[in-house]
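What follows is the residue order along each chain.
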Amino acid sequence: MISATLATSSDDLRAERDAVDVGTVESPDTSPSVSDSERGDKPRRGRSTSHLKLVPDTLDLRDAIREAADRYATQLDKSRPFNKAALEMHSRTLLDQISQPECYLGFAMVLIGNAFWKQQFLAIPFERRLLLLPHCLKHADGCPAEYDEFGLDCEKCGACSIADYKVRAEQLGYKVLVAEGSPVVLKIIVSGHVDGILGVACLNVLEKAIDKVLLAGVPSYAVPLHSGDCKNTKLDESWVWHCLDKYVPLVEPKTSGYVPLMRASNEMFEAQLDEILPLTRQGGSAGDSLLAETESIARNWMLKGGKRLRPFITLAANDAVTGASGLQSTSAGSLPQFSLEVRRTAMAMEAFHKASLVHDDIQDNDPYRYGKETLHRQYGIGAAINVGDYLIGMGYRLISQGRRELGAEAASDILDRLANAHLKLCEGQGAELRWTGADAVKLTSLDAIKLYALKTSPAFEAALYAGLRMAGPMDAYEAMVPTFCRHIGVGFQILNDLLDWEEIAPNKLVAGRDAELAKPTLLLALALDTAKGAVREELVGLINDPLTALDRTERLKSLYHKLGVFERAGTLVDKCRSRAEAVADEVQPEALRQLLYFLIDTVLDHSPAAPTPSSQTPFPGLLPILGNTVGAM
Ligand code: SF4
């Protein structure tokens, strides 16, 4: 992950950003302390946390902190999940109370999380649990197991404890994975195959997983490894056994969370697809097959990859203003129920999004999407353009089909918002194409931010608007929706820029692709704003120079570091987050305010990305919503 520590910017840039309401960049508060507010605290970016992730040397001390965490958690409000910043605050308080040093902060965070979720985890039937083990537990020199796409395929030779856990867990009915990381875990949760996780991992891995798992409200119990050195690691085995074969029905109410709504969104594209989006043409004769081909490709493309964030937003927004009953169910068997017209409208959001991706991939000549060849590489440019157009028509039809149930006024309001989103996206895309290549040197930060606001925010806006509008008039939300979505849309796009510099960019399998194409990114604009004299000449030369793509990318990266571009972009993401939070704080009802916070944390998640796995997944029927790939949204 590109480092994104805080920095100050020039007055000029500050004025420009104010003009588009993205916010100024102020002197940072790099203090590790968090605010007193229990919920919705703002994570600080870019701090090195290695000194906060020590595990106590003795079992006595580890047990003492665990017991203290259990006592501490009895006073916590368990009605809904907390985020990472709130967990950090509680953990600091705990360490203060038991006079232990800050170096155990990460350890204490895991234990408070465990204490919060333990009863709810133990109430999950064994066959609905996932046991996640790290491959570094294996016997480093003699392990005969091979890796496959799902992790280590343990042969149960008995040389390490993996086999013991795996055998017992499988006897009980657990799903077992010997793998690392939260993306695959969340996919499994969202797919509806398991409801909770018993995980063993080092504090580094747990730190990355905490945000997603906690935020989504997944009952989990984590056992930290004693070190993070990835070889022959050790753990307190009794802590695993303490939970592994224990089942205790729950007496207290469950913590609400967004997993049921994620699953409801997921189900639309799986079990409910034929109901919501029935085939209109059937193959038969050769001629019929040709006529049916475009619909078939478009429908299949709808099912491919991505997090299905937009349909989730529509369903969750609708739920938030109609009683928020969707947050209560945590059983895969009792998903939140939505009428057909609400589900059609939610699916329409994905149709428009998928159409824009097809056209975007053609315009950028991107080779990969969701870890596979892009549509135009598979079928040719003409056919892909046509499929994109078809998806747009499909999206409008999905909404117009429900006009009677939605009411003519609501349906036309939603269509109007979508038409606006479509026009803005095209304007933004047109500007990006115009600025790509040699003209990119004319780009200013203000241009880049305006462009991002056009390209990214309207799709979030349409999804949020549609969910709310289907529940009633929009008087209370008319101004809030575009403002909120502008902040998260711009922040999301900047984050996407940062992720483009990952070693392996999520979802595309090509690093520095935007730089390679000399696209008008905010990073480039920040560099152009800052660079003076010979450095600017070098920068402009790089954009115009027919260097190999790799050379240009490497030299741009070096210049960006020199000019502090990554840090400043990270600061802007924080600023977008703050502005979005300020908007959310004014919103009623509380369920909608909570949803907006959840969206902020989800869309502006800056955890390191993992490569998108192949379409194969450990258990059948998995579909990602909240993986770790911002770019795939
Ligand atoms: S028990 Fe499994 S993971 Fe452990 S050394 Fe043997 S084959 Fe490898």
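Residues numbered from 1 in each chain as written. Predicted model: local features only at pLDDT ≥ 70, side-chain atom pairs only at ≥ 80, totals over all residues.

1. Considering the overall build of the protein
A tally of helices and strands in the protein yields 26 helices and eight strands. Sorting the 633 residues of the protein into buried and exposed places 52% on the buried side. Relative to all contacts within the protein whose residues are 6 or more apart in sequence, the contacts with residues 24 or more apart total 79%. (Helix = DSSP H or I, 4+ residues; strand = E, 2+ residues; numbered from the N terminus. Buried ≥ 20, exposed ≤ 12 C-beta atoms within 10 Å, placed from the backbone. Contact = placed C-beta atoms within 7 Å.)

2. Regarding helix α22 (residues 522-530)
In terms of burial, α22 is a largely internal element, nine of the nine residues being buried. Taken as a whole, α22 has its buried residues at Leu522, Leu523, Leu524, Ala525, Leu526, Ala527, Leu528, Asp529 and Thr530.

3. So, the site of the ligand
Taken together, 15 residues sit near the ligand, with Cys143, Cys154, Cys157, Cys160 and Ala163 positioned nearest. Residue composition of the shell around the ligand, grouped by class: ten nonpolar, two polar and three charged. (Near = placed C-beta within 6 Å. Nonpolar A, V, L, I, M, F, W, Y, C, P; charged D, E, K, R; others polar.)

4. Comments concerning the sheet that holds strand β1 (residues 129-133)
On the basis of which strands lie adjacent, the open sheet formed by four strands has the order β4-β1-β5-β6 and parallel pairing. At either margin of the open sheet sits one strand with a lone partner, and together these are β4 (175-178) and β6 (220-224). Recorded for the sheet is a direction-independent mean angle of 10° between the axes of neighbouring strands. Relative to β6, helix α4 (residues 105-122) is tilted by about 145°, and along the sheet it contacts β5 (196-201) and β6. (Pairing = 2+ DSSP bridges. Axes fitted to C-alpha atoms, helices over the stretch in contact; angles between N-to-C directions.)

5. Quick word on unusual backbone geometry
Cis peptide bonds are those with omega within 30 degrees of zero, and the linkage from Gln588 to Pro589 qualifies with 0°. Relative to the helices and strands, Pro589 is located in the loop between α25 (565-585) and α26 (590-603). In this structure, Ser99 is a non-glycine residue whose phi angle is positive, near 55°. Mapped onto the elements, Ser99 comes out in the loop between α3 (84-97) and α4. Despite not being glycine, Lys156 has its phi angle at roughly 55°, a positive value. One can find Lys156 in the loop between β3 (151-153) and α5 (161-172). When the 12 C-beta atoms within 10 Å are taken as the criterion, Lys156 is described as exposed.

6. Re the nonpolar core
Counting residues in each nonpolar core, the largest one holds 177 residues, and the members touching the most others are Ala108, Ile112, Ile488 and Ala569. The leading source of residues in this core is α4, at eleven residues. For Ile112, the contacting residues outside a window of four places in its chain are Ala69, Tyr72, Ala73, Leu87, His90, Ser91 and Leu94. (Core = buried A, V, L, I, M, F, W, Y, C linked by C-beta atoms within 7 Å.)

7. Focus on the confidence of the model for the protein
Taken residue by residue, the protein gives an average pLDDT of 81. The fraction at 70 or more is 81%. Per-element mean pLDDT across the protein ranges from 40 in helix α1 (residues 11-19) up to 97 in helix α19 (residues 457-469). Segment residues 1-46: pLDDT under 50, and 87 contacts once partners within four positions in sequence are set aside and those in other chains are kept. (pLDDT = per-residue confidence, 0-100.)

8. Some details on the packing of helix α20 (residues 480-499) against α25
Running from amino to carboxyl end, α20 crosses α25 at an angle of 160°, the nearest separation of the two axes being 9 Å. In terms of orientation, α20 and α25 fall into the roughly antiparallel class. Crossing geometry of α20 relative to α25 is assigned as left-handed. Where α20 abuts α25, its residues Met480, Thr483, Phe484, His487, Ile488, Val490, Gly491, Ile494, Leu495, Asp497 and Leu498 lie against Phe566, Ala569, Gly570, Leu572, Val573, Cys576, Arg577, Arg579, Ala580, Val583 and Ala584. Looking at the contact of α20 with α25 residue by residue, the class counts come to 15 nonpolar, four polar and three charged. (Parallel < 35°, antiparallel > 145°, perpendicular 65-115°, else oblique. Left-handed = near helix turned anticlockwise from the far one by under 90°.)

9. Quick look at helix α23 (residues 533-544)
With twelve residues, α23 should cover 16 Å at 1.5 Å per step; its first-to-last C-alpha distance of 17 Å lies within 8% of that length. Listed in full, the buried residues belonging to α23 are Leu539, Leu542 and Ile543. Axial view of α23: buried residues confined to an arc of 100°, hence all on one face. The exposed set on the far side of α23, more than 90 degrees from its buried face, consists of Gly533, Ala534, Glu537, Gly541 and Asn544. (Expected span 1.5 Å × (residues − 1). Arc of directions from axis to C-beta.)

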